[in-house]
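# Fold and geometry: a report
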Amino acid sequence: MHPISGAIVCLSVLGAVKLLSLPLFWGLPVGLVLCMASRGFCKFLHVALRTIKRDLMCLVVILRVRFSMKSNVRKRSTIPSLFAQIVTRYPDKPALIYEATGEVWSFRELQERCHAVAHWALAQGWAEGDVVALYMESQPLVVALWLGLAEVGVEAALINHNLRQRSLLHCVSVSGARALVFGMELTEAVSEVSSSLQPSMVLFSCGEQRQQQQQQQQQQEEEEEVKLRSLRVQNLDALLASSPKHPPNYTLRKEFNDRLFYIYTSGTTGMPKAAVVVHSRYFRIAAFGFHSFGMRHDDIIYNCLPLYHSAGTIMGVGQCLLFGLTVVIRRKFSATHFWDDCVKYNCTVTQYIGEICRYLLAQPVRPSEAHHRVRVAFGNGLRPSVWEEFVQRFRIRRVGEFYGATECNCSLINIDGKVGSCGFSSRILPDFYPIRLVRMHEDGKLHRDSQGLCVPCPPGEPGMLMGLINPADPLRRFDGYADQDSTNQKIVHNVFKMGDSAYISGDVLVMDEYGYMYFRDRSGDTFRWRGENVSTTEVEGVLSGLLGHSDVAVYGVSVPGVEGKAGMAAIAPAGGPFDIDAFTITVQKALPSYARPVFLRLMPSVDTTGTFKIQKMRLQREGYRPQESSEDMYFLNSRAGSYEPVTDELYSAIMEGEVCL
């Protein structure tokens, strides 16, 4: 015990003895009990002193956001009405800059385009609650479309422009969309599914073919024209050009807690689900980002994230619509041009998600990375294994890491830059923000006590993150998905007390003694091997670092007759040939025996989502069977201590249990 703490305890004991007027004989046992009790108090005091500044900073942010949200509920505010207030303050300031064309839209111009969209929607006869699907690459028009539709209560469904065929049809169908707006660059994808769309579906196209496509202009235009005519597509650009730019004569009946639009989950564990985003949720996400990460009204944000995703269209564009920041929109992320763009547009804030930071570190050093003005980088998915290297190499003063899904009510924010942490839960006031890590069984089911309640995890023990649901509190509500069955699957009852309900995140995190949270794995990603739980996220971080920030996907695969799952790593080597012998030596030093991949799959590239999350479902299905000639498969021979190629003969021997693992 610290000397000062010991002195405090001694004084407390003597004071208690005197206060209780106990004889010395009885005072000593009482003092001993108080000393033992004081150890718990001293530990609490130690934690409180270490975390009180952090907790108070967050408390101020929560109170500011909560006060604003209550005011907006009272005023029946909506995102369009809040944006109108910003336009009044900054009419001529740049709102959106489009990197691909150099276009600059002022706040007034953005609002005028939104009005044109609203007039177009009314002319179509759409009513509040109708849905229009937007299937476009990132560009300022995406913002004008969903915001203009929201002016008259029509809800947009923001569809991932990478989806094709069955997945695309699913997303259009589950939203109940009456119309589909698509970019000309996606004409081929729409034509592939057009015969399966509802007969009443109205199609609109917008934009022009990109320059590289226009080089074959004559033939391309003729082919596209034929396709568009066969699809009976209307030209949205022409319709918007002829629409009035003044506010529509319409009184919106929607309020702050009503639906704004739909954003789809990534679909890494099945078909994408359409998550409901209400006006208050959009405000809450953007406001927490603005107040937590020290952003200013004169900041310029570099946004290279897809606008069908909440990070790009809420956390990023939301700073423009609600706080007057300028946002630079890039059609698609480019590691090569990232810092050049930041310098060109004088960006002071940048966003990241998933593996972007690792991709940037894998790039050769270039002059622009030393001349940018970026002060804050915020996002989620910055691996602890590359955090400090990213900050030091690119001279980033502040990292704003957060955890959260579009639909969740248990978001976390790392407000003080704790390396590796995705947020925290207060150890002083744990009930102020009611989230918990709860125990799970190995089969993924929740562990419950004798009363039927979930069992909280102590510091250091990984657990499932859950958030208490309170429909009356905008910070605690769970709006779910377009599909009610999907909504019900994310709700668990009798968690903190009998009769309550909580949102189950599906993510495993671990908390340290100070309340800092660290992401471990998606539920189901952690696998058990040799009696040990293996975190795929941790192994991926280690292997990627050893291989110069290569793409690495780690997962467990079943082996006949063997308990648990053997580790397997799919690797897309970066720069030069893969030295399997050197890899074996470094892995043996860097990972414990149970965490070393039993199987290796060397590939030209690893599948990722549009938001840079590595997809593993196909890899897990294919397992360790020898694949294409462009790929190499290896098996860790535990007796020889080396990796050897998986041939058809070796594969058969493994499947028949003739090989020792």
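Residues numbered from 1 in each chain as written. Predicted model: local features only at pLDDT ≥ 70, side-chain atom pairs only at ≥ 80, totals over all residues. Heavy atoms only, no water.

## A word on the confidence of the model for the protein
Any region with low pLDDT has predicted coordinates that should not be read closely. The predicted model of the protein averages 88 in pLDDT, with 89% of residues at 70 or higher. Contacts of residues 1-28 to residues separated by more than four positions or lying in other chains number 17 contacts, the stretch itself having pLDDT below 50. Counting interchain partners and residues more than four positions distant, the pLDDT-below-50 stretch residues 210-215 has six contacts. (pLDDT = per-residue confidence, 0-100. Contact = heavy atoms within 4.5 Å.)

## Observations concerning the environment of K418
Topologically, K418 is positioned in the loop between β15 (412-413) and β16 (423-424). For K418, a relative accessible area of 33% puts it in the partly exposed group. In the structure, K418 is positioned 19 residues away from V399 in sequence and 8.9 Å away in space, judged by C-alpha atoms. Not counting chain neighbours up to four residues away, the residues in contact with K418 comprise W387, Y516 and Y518. (Helix = DSSP H or I, 4+ residues; strand = E, 2+ residues; numbered from the N terminus. Buried < 20%, exposed > 50% of the residue type's maximum accessible area, 1.4 Å probe, protein only.)

## Regarding the sheet that holds strand β4 (residues 155-158)
Within the open sheet, the seven strands sit side by side as β7-β6-β5-β3-β4-β8-β9. Their pairing is mixed. At either margin of the open sheet sits one strand with a lone partner, and together these are β7 (233-235) and β9 (274-278). Taken pair by pair, the neighbouring strands of this sheet meet at an average axis angle of 25 degrees, ignoring direction. Contacts from helix α5 (residues 140-151) reach β3 (131-135), β4, β5 (179-183), β6 (202-206) and β8 (259-264) within the one sheet, and its direction differs from that of β3 by about 175 degrees. Relative to β8, helix α12 (residues 310-323) is tilted by about 140 degrees, and along the sheet it contacts β4, β8 and β9. (Pairing = 2+ DSSP bridges. Axes fitted to C-alpha atoms, helices over the stretch in contact; angles between N-to-C directions.)

## So, the pattern of salt bridges
In this structure the tally under the stated criterion is 23 salt bridges. In this structure, R331 engages E137 in a salt bridge whose closest nitrogen and oxygen atoms are separated by 2.9 Å. Residue R331 is found in the loop between β11 (326-329) and α13 (338-344), and its partner E137 is found in the loop between β3 and α5; the two are separated by 194 residues along the sequence. Since its relative accessible area comes to 24%, R331 is described here as partly exposed. Residues joined by salt bridges that share partners form a network here, namely R601, R618, E622 and E631. (Salt bridge = Lys/Arg side-chain N within 4 Å of Asp/Glu carboxyl O.)

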